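Structural overview
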Amino acid sequence: MGRYEFYDLCFDGPIAILTLNRPERFNTMGYGPWKEMALIQDEIDAHREVRAVIVKAEGEHFCAGIDLKDLEKVDSYWVSDNIAWLQRLYSRWQEMNAVSIAAVHGLCYGSGFELITCFDIRVASEDARFAIPEVRFGLSPDMGGSQRLPRLVGPGQAKRLILACEEIDAKEAREIGFVEVVVPREQLYERAKKIAKRIVNNPPWAVRFGKKAINASLDSSIAGGMLLEQIQSIFCCGTEDQNEAIKAFFEKRKPEFKEK
């Protein structure tokens, strides 16, 4: 397990737990945290047994956006050299085999907001507040926010949040489909972990294919998505894990999967 300046990373069996740990700066993002995030993703991917990732935060807030001190140093040349890498960095949470779960409390603004649009499942505490205020600062979301947010909440809601820079609370975020679950603050991590445990207790290949098929449905035709369903069905039917899942169900015991 690597040592990091801006994060804590630990493993609970097949679940990786990543904690944003820069509370004195409200867990803001910047070049340092982004560089470390890439290293952490490498470490998670190196643990093949990891099948779910929970991302949470220390302090009062999940992430207050980009560190404005870092933003002052950025110009168009820096953006030209780094923006594609930053977009890939965030996209990697959506593309990795492990299911990513964000456990959000307090403020979740800007680049933190864009970060959680990349996660597979978002759990929020009742005190969470969300905003994507880049337009207010003469910018536009540039790490996938303008592309993923409409897919989550629809184009009209996305335009309201991005163009008017409106802040929403957890209840409204749940109502428009931005977050999946809202719970009291004291139950936040346990609720996220409960979802992660349910995921890792299912056959690994079925979960992996399910995630990829849902992701593909956002960009592909129905025909292309159906073809992917055919491929996963051909692959999964008759695997040891599928047979074990059925056998364990009838024997009323916990299954033991081998990813075979």
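Summarised in this report is the structure supplied together with it. (Residues numbered from 1 in each chain as written. Predicted model: local features only at pLDDT ≥ 70, side-chain atom pairs only at ≥ 80, totals over all residues. Heavy atoms only, no water.)

On to the nonpolar core. Counting 50 residues, the largest nonpolar core has Tyr7, Met29, Val53, Tyr90, Trp93, Phe130 and Phe178 as its most contacted members. Counting 18 residues, the second-largest nonpolar core is a separate cluster that includes Ile15, Ala52, Leu188 and Val200. (Core = buried A, V, L, I, M, F, W, Y, C linked by side-chain atoms within 4.5 Å. Buried < 20%, exposed > 50% of the residue type's maximum accessible area, 1.4 Å probe, protein only.)

To continue, consider the pairing of strand E2 (residues 15–20). The side chains of a regular strand alternate between the sheet's two faces. Counting buried positions along E2 gives six out of six residues, so the element sits mostly inside the fold. What you see with E2 is no split at all: Ile15, Ile17 and Thr19 on one side and Ala16, Leu18 and Leu20 on the other are buried throughout. Judged from the six bridges that link them, strand E1 (residues 7–12) and E2 form a sheet pairing that is antiparallel. In the sheet register, Asp12 faces E2, and the bridge partner there is Ile15. (Helix = DSSP H or I, 4+ residues; strand = E, 2+ residues; numbered from the N terminus. Pairing = 2+ DSSP bridges.)

Turning to helix H1 (residues 31–46), a few remarks are in order. A rise of 1.5 Å per residue sets the reference length of H1, with its 16 residues, at 22 Å; its end C-alpha atoms lie 23 Å apart and thus fit the reference within 8%. Within H1, the full set of buried residues consists of Pro33, Trp34, Glu36, Met37, Ala38, Ile40, Gln41, Glu43 and Ile44. Among the structural elements, E1, E2, strand E3 (52–57), helix H3 (76–95) and helix H4 (110–117) are those in contact with the buried residues of H1. (Expected span 1.5 Å × (residues − 1). Contact = heavy atoms within 4.5 Å.)

Turning next to the side chain of Asp241. With respect to the helices and strands, Asp241 occurs in helix H11 (residues 240–251). For Asp241, which is buried and forms no salt bridge, the nearest opposite charge comes from Arg51, at a distance of 7.4 Å. Side-chain polar atoms of Asp241 contact the backbone nitrogen of Lys258, separated by 2.8 Å. (Lys, Arg positive; Asp, Glu negative; His and termini not counted. Salt bridge = Lys/Arg side-chain N within 4 Å of Asp/Glu carboxyl O. Polar contact = N/O pair within 3.5 Å; in protein donor to acceptor, adjacent residues only side chain to side chain.)

A word on the packing of helix H5 (residues 145–153) against helix H6 (residues 155–163). The geometry of H5 relative to H6 is characterised by a closest axis approach of 7 Å and an angle of 130 degrees between their N-to-C directions. The angle between H5 and H6 places the two elements in the oblique class. For the crossing formed where H5 meets H6, the hand is right-handed. Here H5 contributes Gly145, Ser146, Leu149, Pro150 and Val153 to the contact with H6, which in turn contributes Pro155, Gln157, Ala158, Leu161 and Ile162. In terms of residue class, the contact of H5 with H6 is built from seven nonpolar, three polar and no charged. (Axes fitted to C-alpha atoms, helices over the stretch in contact; angles between N-to-C directions. Parallel < 35°, antiparallel > 145°, perpendicular 65-115°, else oblique. Left-handed = near helix turned anticlockwise from the far one by under 90°. Nonpolar A, V, L, I, M, F, W, Y, C, P; charged D, E, K, R; others polar.)

Time to look at the sheet that holds strand E5 (residues 107–109). In space, the three strands of this open sheet follow the order E5-E7-E8, with mixed pairing throughout. Of all the strands in the sheet, the pair left with one neighbour each is E5 and strand E8 (168–169). Most of the contacts of H4 go to E5, to which it runs at about 85 degrees, and overall it touches E5 and strand E7 (129–131).

The complete set of buried residues in H6 reads Ala158, Leu161 and Ile162. Angularly, the buried residues of H6 cover 90 degrees about the axis, an arc narrow enough to put them on a single face. In H6, the exposed residues that point more than 90 degrees away from the buried face are Gly156, Lys159 and Leu163. At its buried positions, H6 is contacted by H4, H5 and E8. Positive backbone phi, approximately 55 degrees, marks Cys165, located one or two places after H6. (Arc of directions from axis to C-beta.)

Turning next to the pairing of E3. Judged by how many residues are buried, E3 sits mostly within the fold: six of six residues are covered. With burial as the criterion, each face of E3 is covered, one bearing Ala52, Ile54 and Lys56 and the other bearing Val53, Val55 and Ala57. In this fold, the crossover linking E2 to E3 by way of H1 has right-handed handedness. Where E3 and strand E4 (residues 99–104) come together, four bridges link them in parallel fashion. Following the sheet pairing, Ile54 is matched in E4 by Ile101. (Right-handed = clockwise from strand over helix to strand, strands pointing away.)

A separate point is the pattern of salt bridges. This model, assessed by the stated rule, comprises 15 salt bridges. The salt bridge involving Arg151 is made with Asp219; its shortest N-O contact spans 3.2 Å. Of this pair, Arg151 sits in helix H5 while Asp219 is found in the loop between helix H9 (204–217) and helix H10 (222–236), placing the two residues 68 residues apart along the sequence. Taken together, the shared-partner salt bridges in this structure form one network comprising Arg22, Arg25 and Asp67.

Further remarks concern unusual backbone geometry. Look at Asn27: it is not a glycine, yet its phi comes out positive at around 55 degrees. Inspection of the secondary structure puts Asn27 in the loop between E2 and H1. With relative accessibility at 2%, the residue Asn27 sits in the buried group. Even without glycine at this site, Lys252 takes up a positive phi of about 55 degrees. Its location among the elements puts Lys252 in the segment after H11.

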